[in-house]
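Read off the chains here:
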Amino acid sequence: MARLRLLGANTQAQAGYKRAVTLLNDRFRKSKLAQRAAVLESAAWLIDLLERLPTGL
């Protein structure tokens, strides 16, 4: 969540940002313990993509 907060306002308006928040909140809480690592990896991958996007999009 801290990495998401560091992204600019332009990035926060994108669908990928909302999806990462959903992964970290709703999906993580509803997942079984064995699946939580995969959910965190998916969210980290998506956040990596968001960080690499040009800020002007």
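Given the structure is predicted, the values throughout are model-derived calculations rather than measurements.

### Structural notes on the confidence of the model for the protein chain
Turning to step 1, where the next piece is worked out: Mean pLDDT over the protein chain: 90, with 95% of residues reaching 70 or higher.
Turning to step 2, where the next piece is worked out: Considering each helix and strand of the protein chain separately, the mean pLDDT is smallest for helix α2 (residues 9-12), with a value of 86, and largest for helix α4 (residues 33-52), with 95.

### Some details on the pattern of salt bridges
Turning to step 1, where the next piece is worked out: Inspection of every chain in the model, using the stated rule, returns two salt bridges.
Turning to step 2, where the next piece is worked out: Arg 3 is the partner of Asp 48 in a salt bridge, and the nearest nitrogen-oxygen pair spans 2.5 Å. One end of the pair, Asp 48, is in helix α4; the other, Arg 3, is in helix α1 (residues 2-6), and 45 residues separate them in sequence.
Turning to step 3, where the next piece is worked out: Notably, a salt bridge pairs Arg 3 with Glu 51, separated by 3.0 Å at the nearest N-O pair. In this pair, Arg 3 is assigned in helix α1 and Glu 51 in helix α4, connecting sequence segments 48 residues apart.

### What about the packing of helix α3 (residues 15-30) against α4?
Turning to step 1, where the next piece is worked out: The contact between α3 and α4 brings their axes to 9 Å, and the two run at 165°. Between α3 and α4, the crossing angle belongs to the class labelled roughly antiparallel. Relative to α4, the crossing made by α3 is left-handed. Packed against α3, whose contacting residues are Gly 16, Tyr 17, Arg 19, Ala 20, Leu 23, Leu 24, Arg 27, Phe 28 and Arg 29, the element α4 presents Arg 36, Val 39, Leu 40, Ser 42, Ala 43, Leu 46, Ile 47 and Leu 50 at the interface.
Turning to step 2, where the next piece is worked out: Across the contact of α3 with α4, the residue classes tally to eleven nonpolar, two polar and four charged.

Here is what the cut-offs are and how they apply
- Residues numbered from 1 in each chain as written.
- Predicted model: local features only at pLDDT ≥ 70, side-chain atom pairs only at ≥ 80, totals over all residues.
- Heavy atoms only, no water.
- pLDDT = per-residue confidence, 0-100.
- Helix = DSSP H or I, 4+ residues; strand = E, 2+ residues; numbered from the N terminus.
- Salt bridge = Lys/Arg side-chain N within 4 Å of Asp/Glu carboxyl O.
- Axes fitted to C-alpha atoms, helices over the stretch in contact; angles between N-to-C directions.
- Parallel < 35°, antiparallel > 145°, perpendicular 65-115°, else oblique.
- Left-handed = near helix turned anticlockwise from the far one by under 90°.
- Contact = heavy atoms within 4.5 Å.
- Nonpolar A, V, L, I, M, F, W, Y, C, P; charged D, E, K, R; others polar.

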